Amino acid sequence: MSDPIPLLEELIKIDSSTKAGANEAIAYCEQWLTDQDLPVKKLENNGFHMLVCEIGQGDHKVVLNGHIDVIEAEERQFQPYIKDGKMYGRGAVDMKAGVAAFMVAAAYLKDRDLTSRVMLQIVPDEEIGGINGTKYLTKNGYFGDFIICGEPTNMGIAIQSKGVLQLDITVQGKSAHGSRPWEGTNAITKAINLFEEILELPFAQESSPMFNKPSINLAKIQGGTVYNKVPDLCEMFLDIRYLPDQSPENIVHQIQAITDGTVTIHNCNNPVKTKADNPYVEALGESIKRITQLEKVTIFGQHGSNDGQFFNKYGGSAVEFGPVGSDWHGDNEMVFVDSVREYQDVLVDFILTLDDYPKTHR
């Protein structure tokens, strides 16, 4: 089986932090897959390009979903280098290592007599929500029974992720002269007080087996116009990551009940809530132990969102599983080189093991 590291290095060199850059990376991947005699199909949605490549046969389908886009970075971060067994560069672990391993694994598996189907998806926009990539693919029938999103997990399996509820809240006050603030109602301080009250609402105190509580971030606040006027309007923007079993509608209802302001939903994404006893999760865990010699596989929940959310409504069970690295979205993003190779071996072992895995267990 080929080494994924040279491919990873080439992918990091492409600044895919923009639509044009992501499309350039997609084109590179398309040519690479074509050169490996893999059947690849390019799709386009709102100017975003994406790839689908399917191999194998059978009633069950595993999807390897990887995003090629990255967040913006300094020019030096698109000049990858290896030091002390680690490859540094933007996207090294989030998640071009996963994409490179997916691609090389697919090239190896294409000549095997697979009894399960494997669909590789390479998408261009996970970092900005996945609407034009993975969501588009799932709406057009590109989904499966088990989905592996190659996000960085340090070789653990993230079976859950919080949902996303982003709210715009407008708070009204009463203007007055800045020298006589007691004659008005300061909308900014009113909004801040509201935020403190939101942190004490019932939903904010709830927990689940994998999460201590929801994540509530005051992402942005704006109000006021001049120094000498009590502000009569303030806008507050919240990013709430709610627990898998919580209802976003109920969260909004709780917030509306404690404010006379307006609460508008800016964005709402589903959580991922795959079960730990899912047979595919168990099979993946066994492959990890076989290849890495780990005695126990870490099963956990992610606070952040991922493209796995889009497969829920189509019956697919999604997880995040990726190699070992650190500082993604940071200045020193890196991935352990040997971990990428090991990760690729786990993927191949998992898919080949499914051929012998009793279908009654799936």
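See the structure printed just above.
Throughout what follows, the structure given in this document is the object of discussion. (Residues numbered from 1 in each chain as written. Predicted model: local features only at pLDDT ≥ 70, side-chain atom pairs only at ≥ 80, totals over all residues. Heavy atoms only, no water.)

Here's the deal with the overall build of the protein
For the protein, the helix and strand inventory stands at nine helices and 17 strands. On C-alpha atoms alone, the protein measures out to a radius of gyration of 23 Å, which is about the 21 Å that the 2.2 N^0.38 rule sets for 362 residues. C-alpha extents for the protein along the principal axes are approximately 80 × 45 × 40 Å. Looking at the protein residue by residue over its 362 residues, the buried ones come to 51%. Long-range pairs, those at least 24 residues apart, make up 80% of the contacts in the protein with a sequence separation of at least 6. In the protein, 32 positive and 51 negative side-chain charges are present, and the distance between their average locations comes to 3 Å. (Helix = DSSP H or I, 4+ residues; strand = E, 2+ residues; numbered from the N terminus. Rg over C-alpha atoms; globule rule 2.2 N^0.38 Å. Buried < 20%, exposed > 50% of the residue type's maximum accessible area, 1.4 Å probe, protein only. Contact = heavy atoms within 4.5 Å. Lys, Arg positive; Asp, Glu negative; His and termini not counted. Charge placed at Lys NZ, Arg CZ, Asp CG, Glu CD.)

A word on the pattern of salt bridges
Scanning the model with the defined rule gives 14 salt bridges in all. Linking Lys61 and Glu54 is a salt bridge whose minimum nitrogen-to-oxygen distance equals 3.9 Å. Taking relative accessible area as the criterion, Glu54 reaches 29% and is therefore assigned partly exposed. In this structure, Arg90 and Glu333 form a salt bridge, with 2.9 Å as the shortest nitrogen-oxygen distance. Of this pair, Arg90 sits in the loop between strand E5 (86–88) and helix H3 (92–109) while Glu333 sits in the loop between strand E16 (325–326) and strand E17 (334–336), and the two are 243 residues apart along the sequence. Pair check on accessibility: Arg90 and Glu333 agree, each one buried. (Salt bridge = Lys/Arg side-chain N within 4 Å of Asp/Glu carboxyl O.)

Some thoughts on the sheet that holds strand E12 (residues 262–269)
Read across the open sheet, the four strands follow the order E10-E11-E9-E12; overall the sheet is antiparallel. Edge positions in the open sheet fall to strand E10 (215–223) and E12, since each of these has one partner strand only. The mean inter-strand angle of the sheet, taken between neighbouring strand axes irrespective of direction, is 15°. Here seven bridges tie strand E9 (residues 163–172) to E12, and the two strands are oriented antiparallel to one another. Bridging across to E12, Asp168 finds its partner in Thr264. Its contacts with the sheet put helix H5 (residues 187–198) on E9, E10 and strand E11 (233–242), and the angle it makes with E11 is roughly 20°. In this fold helix H7 (residues 248–256) packs onto E9, E11 and E12, with an angle of close to 20° to the strand it touches most, E9. (Pairing = 2+ DSSP bridges. Axes fitted to C-alpha atoms, helices over the stretch in contact; angles between N-to-C directions.)

A few points about the layout of surface pockets
Approximately 500 Å³ is the volume attributed to the largest pocket. Every residue lining the largest pocket is counted, 24 residues in all, and those nearest its centre are Glu126, Glu127, Gly304, Ser305 and Asn306. Of all the secondary-structure elements, those providing two or more residues to the lining of the largest pocket are E9, E11 and E12. Considered class by class, the residues forming the lining of the largest pocket number five nonpolar, 11 polar and eight charged. The wall of the second largest pocket is formed by Ile131, Lys135, Thr138, Lys139, Asn267, Cys268, Asn269, Asn270, Gln309, Phe310, Lys313 and Tyr314. (1 Å grid on protein atoms, 1.4 Å probe; cavity = no way out; pocket = protein on both sides within 12 Å on 5 of 7 lines; lining within 4 Å. Points joined across faces, edges and corners; volume = space filled by probe spheres on them. Nonpolar A, V, L, I, M, F, W, Y, C, P; charged D, E, K, R; others polar.)

A short note on the pairing of strand E6 (residues 117–123)
Along E6, six of the seven residues are buried, which leaves the element largely enclosed by surrounding structure. Pairing between strand E2 (residues 48–55) and E6: five bridges, direction antiparallel. Bridging from a neighbouring strand, Glu54 pairs with Met119 of E6. As defined by bridge partners, strand E3 (residues 61–67) adjoins E6 across seven bridges and the pair is classed as parallel.

Points about the side chain of Asn65
Tracing the backbone shows Asn65 in strand E3. Within the structure, the side chain of Asn65 is placed 2.9 Å from the side chain of Gln121, a separation counted as a polar contact. A polar side-chain atom of Asn65 sits 3.2 Å from a polar atom in the side chain of Thr134. (Polar contact = N/O pair within 3.5 Å; in protein donor to acceptor, adjacent residues only side chain to side chain.)

What about the nonpolar core?
With 61 residues, the main nonpolar core has Ile122, Ile148, Leu284 and Phe350 as its most contacted residues. Per-element accounting of this core gives the leading share, 14 residues, to H3. Ignoring sequence-local partners within four residues, the contact set of Ile122 consists of Ile26, Cys29, Leu33, Met50, Leu51, Gly66, Ile68, Val99 and Met103. Formed by 22 residues, the second largest nonpolar core is a distinct cluster that contains Leu167, Leu201, Ala204 and Leu238. (Core = buried A, V, L, I, M, F, W, Y, C linked by side-chain atoms within 4.5 Å.)

Concerning empty space enclosed by the protein
Per the counting criterion, the structure on display carries one cavity of 30 Å³ or more. What lines the largest cavity is simply Asn65, Gly66, His67, Val123, Glu126, Cys149, Glu151, Asn306 and Asp307. When residues of the lining of the largest cavity are assigned to their parent elements, the largest contribution, three residues, is made by E3. Taken together, the residues of the lining of the largest cavity break down into two nonpolar, four polar and three charged.

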